[in-house]
Every structure is written in C-alpha cells, then in structure tokens.
Amino acid sequence: MRRIVLKLGTSVLTKGTARLNRQRMLELVQQIAALHNDGFEIIVVSSGAQTAGRERLDFPDLGKSVPAKQMLSAVGQSHLMHVYQDLFDIFAINVAQILLTRDDLSHRVRYLNARDTLDTLIEQRIIPIVNENDTIATEEIRVGDNDNLSALVASVVDADLLIILTDQPGIFTDDPRKNPKAALIQNVTQISDNLFKLAGGAGSSIGTGGMVTKVQAAQITSRSGIKTIIASGSEPQVLSRIASGEKIGTHIEAERNRSDSRKRWLLTDRTQGSLVVDAGAARMLLKGGASLLPVGIREVRGDFERGAKLAALSPEGSEIAQGLSNYNSDDLRKICGQKSQKIVDILGYSYGDAVLHRNNLVLL
Ligand code: GLU
C-alpha cells in the first residue's frame, strides 16, 4: 500500500465549529507529513472552502443561493490553501491546488489530463489538495459532495486506499445515540442495500455530510478495486495507525481486483439511462467478454445521446453492467429486440453490431 487518497470533511477541519481549526489542521498535516516522509503518496481531498469564506468575511448573511455559496468558495478556497501551505511549510512540503468538477472527469481527455497532472505532482513529491471547483460547478456538472469526489479522485490516481475522515468512528448497526447496543461495523465485504439503509437511517448520519455519500463513495472505489476506510478524524494518530495496519473505523473491502484505467474511468460517471436485457443476454454478459447486442435488449429507459453511459439491467432489474452506448435512445427503441444485421435497414446507418461494446463495458 503506497498511494492513499485522504478525504477531510468540513466537520473534521473545524472540529464541528464554524471556523477552520488550525490546531486540528496542524495535527492532520503533521500526520500526513509523517506518512509522506515514510514514502507514502498522499492526495488530499479537502472541503472547507465555504467555511473559510464565511470566516474570512466575518459570517455575512448572504442567504443560501447558489451564487452566494459560490462566492464564499471563491473567497475561501485561496484562504484554505493558504492555511494548508503555511502548515505544510513547517514540514518543508509543497502543496498544489486542483479544482475539479464531474464534467472534468466524465470527458475522457480531461480525465486523462487531470490524471497526468496529479501523477506529475505525486512524482515530484508535491501533495495535491483537491476540492470541487465550486465557483463554476452548477448542478449539471458538479459532483456535489467531497465524499464522492474523493472516490473519483482515488480512481483517477489508481490509489491503493481511500481514507474518509469524518466526525464519526465509522458506520454503526444503529443510531449509537439512541441504541446503546449499536455497534461499529468493522468490516464490509459487499455493499448491500442494507448498508445504504444503515448509513441513511436516522442517526447513523449524525454530523453534516451524512454517511450515505460515504457509502456511495465506497461503492465507486470498491467497484474500481480500491479499499475504503471511514474513520474518525479525532482519533489520535489515526493516519499512522491505519497505515501500520491497526484496525480503526469501518473497512470496506474492494469488490474485485483493480480494474484497468479505462474501466475505472467508465465507473466514474453517472448512468444516463438503462437497458433491460433478456435472460440470454444477461447470461452472456455475466460470463464476461461479450458485447451487448440489440437483439438481447427488451426495454430502453431514459433519453440519451450516443456515447451516454448506460446501466444494463437483468430481467429482474438488478444492475449487471455499465457501458457506453453506441446508439442514442431513439435509435435504440427502434432496433431493440432486432438482429444486428437489420440495423442499417431500420436506421439507414449503423454504428456497429454492438450497443454496448465489450471494450466499453464494466461488469458489476
Ligand atoms: N466543496 C465544498 C467546500 O469546500 C465542500 C463539499 C463537501 O464537503 O462535500 O466548501
């Protein structure tokens, strides 16, 4: 284990207050510096821009509009980076700011550019500090929360581990404030609907971000072959203890071996529609190495363009694969259930026999 993405949430950086807590940040930076000096490659995903902006402007009453939040981020992001640089300077470590949106990661070329920049920084032993590019990120193009962003970053840099530090010791079997028998879930080998329920259920999502986005994040990493640990940022020396193998927090194991880079990229984007396939096509897909042909598609859900990312659903409705579509939804509605040889007759053109080609497909 060498490359670690570390997500620091606002509640960790502020110790639950309205201001960045320099002492807490110093403790964390000190731990990061120690790992860095031990040869680990750390990529930080840090929230706190808006909080820093509010603090900087002395807590103005701006309402909750999107431009107001974007303004706070614009003010706060440079301030946040300034604090980080000052703290890392103590340890003679350089940092770099990377601001991303979902859009940057869904486009293959921009994804590769982001990856190359991150890789170069890491090679130069500079610690990248990533945040969402809040000032330009509108609803359509933003990731929306830094838990998911940190998972995407872990996938981009092919990390060995994602550590999400939060204000909770991990995910519990029930609300620990209400149920004294609630226990910390130490190990998750498969992310189930039940885990999402536990994460979203009243209580276990105490704190700001909640646990649901953390489980979503772990689903992205797990599918990419990356392990995730959710632990408390106030646990003393939490990073070095995790790095030395101590069992702290909730560990979510990778579902599979590391996927190759192109497949990890495929998994980073949201699906824009789905295709319900018949039992035969589901079997072929699950065997691996097969493309999805129009003849195996029963139903097309959603409206999307050619190139959109789609989920392939079994006849029972479970997601079995995700892939890039060679056809838009209108065309697919015309050719679904048909033999590939008929595509040209029906549409007047063809983008190939496959709807989801095996090179652009990830099994789940
Ligand atoms: N990008 C936001 C900020 O820095 C935080 C988003 C989040 O914490 O999920 O203020």
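Residues numbered from 1 in each chain as written. Predicted model: local features only at pLDDT ≥ 70, side-chain atom pairs only at ≥ 80, totals over all residues. Heavy atoms only, no water.

## What about the packing of aromatic side chains?
Considering all chains together, one arrives at four aromatic pairs under this definition. Aromatic side chains Tyr111 and Trp265 sit 6.4 Å apart centroid to centroid with 65 degrees between the ring planes, which places their arrangement in the edge-to-face category. With Tyr111 in helix α6 (residues 108–123) and Trp265 in helix α11 (residues 261–268), the pair connects residues that are 154 residues apart, well separated along the chain. When the centroid spacing of 5.7 Å and the interplanar angle of 65 degrees are considered together, the rings of Tyr349 and Tyr351 count as edge-to-face. Classification of Tyr351 by relative accessible area gives partly exposed; the value is 41%. (Phe/Tyr/Trp six-rings, centres within 6.5 Å; stacked < 30°, edge-to-face > 60°. Helix = DSSP H or I, 4+ residues; strand = E, 2+ residues; numbered from the N terminus. Buried < 20%, exposed > 50% of the residue type's maximum accessible area, 1.4 Å probe, protein only.)

## Here's the deal with the environment of Thr213
By the secondary structure assignment, Thr213 is in helix α9 (residues 212–224). Judged by relative accessible area, Thr213 falls into the buried class, the value being 15%. When sequence neighbours within four positions are dropped, the list of residues in contact with Thr213 reads Asp145, Asp147 and Asn148. (Contact = heavy atoms within 4.5 Å.)

## As for the site of the ligand
Contacts to the ligand come from Ser47, Gly48, Ala49, Gln50, Asn131, Asp134, Asp145 and Asn146. Between an oxygen atom of the ligand and a side-chain N or O atom of Asn131, the distance comes to 2.8 Å. Between the ligand and the protein, one listed contact pairs a nitrogen atom with a side-chain N or O atom of Asp134 at 2.9 Å. When isolated, the ligand has an accessible area of 300 Å², and the protein chains bury 82% of it. Grouping the amino acids of the shell around the ligand by side-chain chemistry returns one nonpolar, five polar and two charged. (Near = heavy atom within 4 Å. Polar contact = N/O pair within 3.5 Å; in protein donor to acceptor, adjacent residues only side chain to side chain. Areas by Shrake-Rupley, 256 points an atom, 1.4 Å probe, with all protein chains shown as cover. Nonpolar A, V, L, I, M, F, W, Y, C, P; charged D, E, K, R; others polar.)

## Topic: the pairing of strand β5 (residues 161–166)
With six of its six residues buried, β5 lies for the most part within the structure. Side chains of β5 alternate between two faces, with Leu161, Ile163 and Leu165 and Leu162, Ile164 and Thr166 buried alike. Of the pairings in the sheet, the one linking strand β1 (residues 3–8) to β5 comprises five bridges and is parallel in character. Paired with Val5 across the strands is Leu162, a residue of β5. Here six bridges tie β5 to strand β7 (residues 227–232), and the two strands are oriented parallel to one another. (Pairing = 2+ DSSP bridges.)

## A short note on helix α3 (residues 49–56)
When we look at burial in α3, the residues that qualify are Ala49, Thr51, Ala52, Gly53 and Glu55. Elements that come into contact with the buried residues of α3 comprise α1 (10–14), α2 (22–37), α4 (66–89) and β4 (127–132). Directly beyond the C-terminal end of α3, a positive phi value near 60 degrees is found at Asp58.

## A closer look at the sheet that holds strand β10 (residues 297–301)
Where strands meet in a sheet, backbone hydrogen bonds hold them as pairs that are either parallel or antiparallel. Pairing within the open sheet is mixed, and its five strands lie in the order β10-β9-β11-β12-β13. The sheet is open, and its two borders are formed by β10 and β13 (356–363), each paired with just one other strand. Pairwise comparison of adjacent strand axes, ignoring direction, gives a mean angle of 30 degrees for this sheet. With four bridges joining them, strand β12 (residues 319–325) and β13 adopt antiparallel strand pairing. Bridging across to β13, Ser325 finds its partner in Leu356. (Axes fitted to C-alpha atoms, helices over the stretch in contact; angles between N-to-C directions.)

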